[in-house]
Amino acid sequence: MFSLGSWLPAFPGLAWGWALLDAFLQGLVGACAVSVLCSLLKVYLYIQCLNNPERQAEKEAIRAQRAVLEPLHVLVLTGVLALVGSRVAALVVLEFSLRAVSTVLSLGKGAHSRQLYVLCQYSLGCGVSCGLSFLLEGAPHRSWNLLLAAGLAGLLALQCQRLARHVCALYGLHSRARYCGLCILLLSDGHRIPALLLRALALAFAVADLAAVELINRDFLSAAEAARFWTPLTICYTLLVVYMQEEARQSADGGRVFQTVLVRMGGLFILLLAVGRWSDIVHVLVSLLGELWCLLCAGVLLESCRRQ
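Since we're looking at a predicted model, the values are computed, not measured.

### Remarks on the overall build of the protein
Then step 1. Helix and strand counts for the protein stand at 13 helices and 0 strands.
Then step 2. Along the chain direction, N to C, the helices and strands of the protein fall in the order α-α-α-α-α-α-α-α-α-α-α-α-α.
Then step 3. Taking all 308 residues of the protein together, the buried fraction comes to 46%.
Then step 4. Expressed as a percentage of contacts within the protein between residues at least 6 apart in sequence, the contacts between residues at least 24 apart total 78%.

### Concerning the nonpolar core
Among soluble globular proteins, nonpolar side chains are generally buried collectively.
Then step 1. Among the nonpolar cores identified, the biggest contains 87 residues, and Val-43, Leu-91, Tyr-122, Val-167, Leu-186, Leu-268 and Leu-272 are the most heavily contacted of them.
Then step 2. No other element matches helix α1 (residues 14-50), which puts 16 residues into this core.
Then step 3. With residues near it in sequence (within four places) discarded, Val-167 still touches Val-43, Tyr-46, Ile-47 and Leu-186.

### Comments concerning the side chain of Arg-142
Then step 1. Along the chain, Arg-142 turns up in helix α7 (residues 142-177).
Then step 2. A relative accessible area of 19% places Arg-142 in the buried class.
Then step 3. Here the side chain of Arg-142 touches Leu-136 through a polar contact of 3.1 Å, landing on its backbone oxygen.
Then step 4. In this view, Arg-142 contacts Asp-22, Gln-26, Leu-132, Ser-133, Leu-136 and Glu-137; residues no more than four positions away in its chain are not counted.

### Focus: the packing of helix α6 (residues 121-135) against helix α12 (residues 278-297)
Relative placement of two packed helices is described by the angle separating their axes and the distance separating the axes.
Then step 1. The N-to-C vectors of α6 and α12 enclose an angle of 130°; their axes lie 8 Å apart at closest approach. Here α6 lies oblique to α12, going by the angle between them. Counting all contacts with α6, which are made through Gln-121, Tyr-122 and Ser-123, the residues of α12 involved are Ser-287, Gly-290, Glu-291 and Cys-294.
Then step 2. Tallied by class, residues from the contact of α6 with α12 come to 2 nonpolar, 4 polar and 1 charged.

### Some thoughts on the state of the cysteines
Then step 1. In this structure the tally under the stated criterion is 0 disulfides.
Then step 2. Cys-49 provides the cysteine sulfur closest to Cys-168, a residue in no disulfide bond, and the two sulfurs are 10.0 Å apart.

### With respect to the packing of aromatic side chains
Then step 1. In this structure the tally under the stated criterion is 1 aromatic pair.
Then step 2. Ring plane angle 35° and centroid distance 5.1 Å describe the contact between Phe-96 and Phe-205, whose orientation is recorded as tilted. Placement of the pair is Phe-96 in helix α4 (residues 86-107) and Phe-205 in helix α9 (residues 193-217), with a sequence separation of 109 residues. Of the two residues, Phe-96 and Phe-205, both sit in the buried class.

### Comments concerning the UniProt feature "transmembrane region" (unreviewed entry) in the protein
Then step 1. Here the UniProt-annotated "transmembrane region" (unreviewed entry) positions come out as residues 68-96, 116-136, 196-217, 229-245, 257-275 and 281-302.
Then step 2. Between the C-alpha atoms that bound residues 281-302 the distance is 29 Å, and the span itself is 95% helix and 0% strand.

### Observations regarding the environment of Ala-204
Then step 1. Position of Ala-204 among the secondary structure elements: in helix α9.
Then step 2. Placed 80 residues apart in sequence, Ala-204 and Leu-124 show a C-alpha to C-alpha distance of 7.7 Å.

### So, the environment of Ala-164
Then step 1. As for its position among the elements, Ala-164 is in helix α7.
Then step 2. Note on Ala-164: relative accessible area 1%, which makes it buried.
Then step 3. Sequence separation of Ala-164 and Tyr-44 is 120 residues, and the distance between their C-alpha atoms is 9.2 Å.
Then step 4. When residues no more than four places from it in sequence are discounted, the contact partners of Ala-164 are Ser-39, Lys-42 and Val-43.

### Some remarks on the side chain of Ser-39
Then step 1. Within the secondary structure, Ser-39 is located in helix α1.
Then step 2. Leave out the neighbours within four places in its chain, and Ser-39 touches Cys-160, Gln-161 and Ala-164.

### Brief notes about the packing of helix α3 (residues 69-83) against α12
Then step 1. Between α3 and α12, the shortest axis-to-axis distance is 9 Å and the interhelical angle comes to 160°. Between α3 and α12, the interaxial angle falls into the category roughly antiparallel. Seen along the crossing, α3 lies across α12 with a hand that is left-handed. In contact with Leu-72, His-73, Val-76, Leu-77, Val-80 and Leu-83 of α3, α12 contributes His-283, Val-286, Gly-290, Trp-293, Cys-294 and Cys-297.
Then step 2. The residue makeup of the contact of α3 with α12, split by class, is 9 nonpolar, 3 polar and no charged.

### Quick notes on the confidence of the model for the protein
Then step 1. The predicted model of the protein has a mean per-residue pLDDT of 80, with 87% of residues at 70 or higher.
Then step 2. In this model, residues 1-14 is a region of pLDDT below 50 whose contacts with residues beyond four sequence positions or in other chains number 18 contacts.

### Quick look at α12
Then step 1. With 20 residues, α12 extends 30 Å between its outermost C-alpha atoms, agreeing within 8% with the 28 Å of an ideal straight helix rising 1.5 Å per residue.
Then step 2. Turning to α12, its buried residues number three or more, namely Ser-279, Asp-280, Ile-281, His-283, Val-284, Val-286, Ser-287, Leu-288, Gly-290, Glu-291, Cys-294 and Leu-295.

Definitions and cut-offs
Residue positions are counted from 1 within each chain, in the order its sequence is given. The predicted nature of this model means local features are confined to residues of pLDDT at least 70 and side-chain atom pairs, given and counted, to a pLDDT of 80 or more, with totals for whole chains, interfaces and linings taken over all residues. The basis for every side-chain value is the complete set of heavy atoms in the structure, and neither hydrogens nor water enter the calculation. Secondary structure counts use DSSP, requiring at least four H or I residues in a row for a helix and at least two E residues in a row for a strand, with both numbered from the N terminus. For each residue, the accessible area found with a 1.4 Å probe, counting protein chains only, is set against the maximum for its type, and the residue is called buried under 20%, exposed over 50%, and partly exposed in between. The contact rule is simple, with two residues in contact once any of their heavy atoms fall within 4.5 Å. By nonpolar core is meant a set of buried Ala, Val, Leu, Ile, Met, Phe, Trp, Tyr and Cys residues that side-chain atoms within 4.5 Å join together. What qualifies as a polar contact is a pair of N or O atoms within 3.5 Å, subject to a donor-acceptor requirement within protein and to the restriction that residues adjacent in sequence count only when both atoms come from side chains. A fitted line through C-alpha atoms serves as each axis, taken over the contacting stretch for helices, and the angle formed by two N-to-C directions is quoted from 0 to 180°. The labels follow the angle: roughly parallel below 35 degrees, roughly antiparallel above 145, roughly perpendicular from 65 to 115, and oblique for the rest. The nonpolar class holds Ala, Val, Leu, Ile, Met, Phe, Trp, Tyr, Cys and Pro. Asp, Glu, Lys and Arg form the charged class, and all remaining residues, Gly among them, are polar. Our working definition of a disulfide is a cysteine sulfur pair at a distance within 2.5 Å. Between the rings of Phe, Tyr and Trp (Trp by its six-membered ring), a pair exists once the centres lie within 6.5 Å; its type follows the angle of the planes, with under 30 degrees stacked, over 60 edge-to-face, and the other angles tilted. UniProt positions are given in the numbering used here, feature names are shortened, and annotations may be inferred rather than shown by experiment. Helix crossings get a hand from a simple test, with the near helix turned counterclockwise from the far one by less than a right angle marking a left-handed crossing and a clockwise turn marking a right-handed one. pLDDT runs from 0 to 100 and stands for how confident the predictor is about each residue. Helix span, expected: 1.5 Å multiplied by one less than the number of residues in the helix.

Laid out in structure tokens, this is it:
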């Protein structure tokens, strides 16, 4: 068993090419994870709207989403995650984890916390990318492992997209006629989808947080240097969480969601101007585009979660 790079001579630019391929595959796995999350959330919200006569407009909005946007969403997000460096991706993961824990502790289990399923899209992609980067670091067959992971993730994402399209097209008929096993399963156990997503996201972010801390700390040569980075970062993140909690109490409008994205990325941008590298600044701008893209593509789902 040989790695992909072992088949060709050691040209000077070959290592850079394989690194770029690995980054693309990591981004693809992260984008597929986001696609699975969105598809399952779409199935759950559609079923909830179908069972509530007052939410028929939301149901039609979810059904009206174009299928062509799903592969486009995966493709764009793959490119963004491939461009974002592991350092900024790790910071995005840690920031969202802190925000999610704060939100869950302050609001508890309820309708408001379900917005986190939509808001965590980009952070989930960064978390999967960070986790793969850390777990496969130094692996002799890294490219092969990433290729296998990308294939499995792509297959799972395609199946979840097919499930969402099937539910939006035929669930109303099949659940009444009771002759489709998949729709009957969703009829009886569809309410468990949020709990399934919660456990999967908790595991994914637990691994991602450990990987993020390790990826950040490996750049420091001493404890003093690490303290000079972590101290302002902790203060910045704490202030951001307090600010966003106050904004959430005042309003839950969609415009506020985009505003908090700008505030978060702006705070991270200013912080990295002081303690980061020039490449981190570019990666923060790319992350801002990724966050906005995910929110734009999931606007219907976010509005449905907000109305619950």
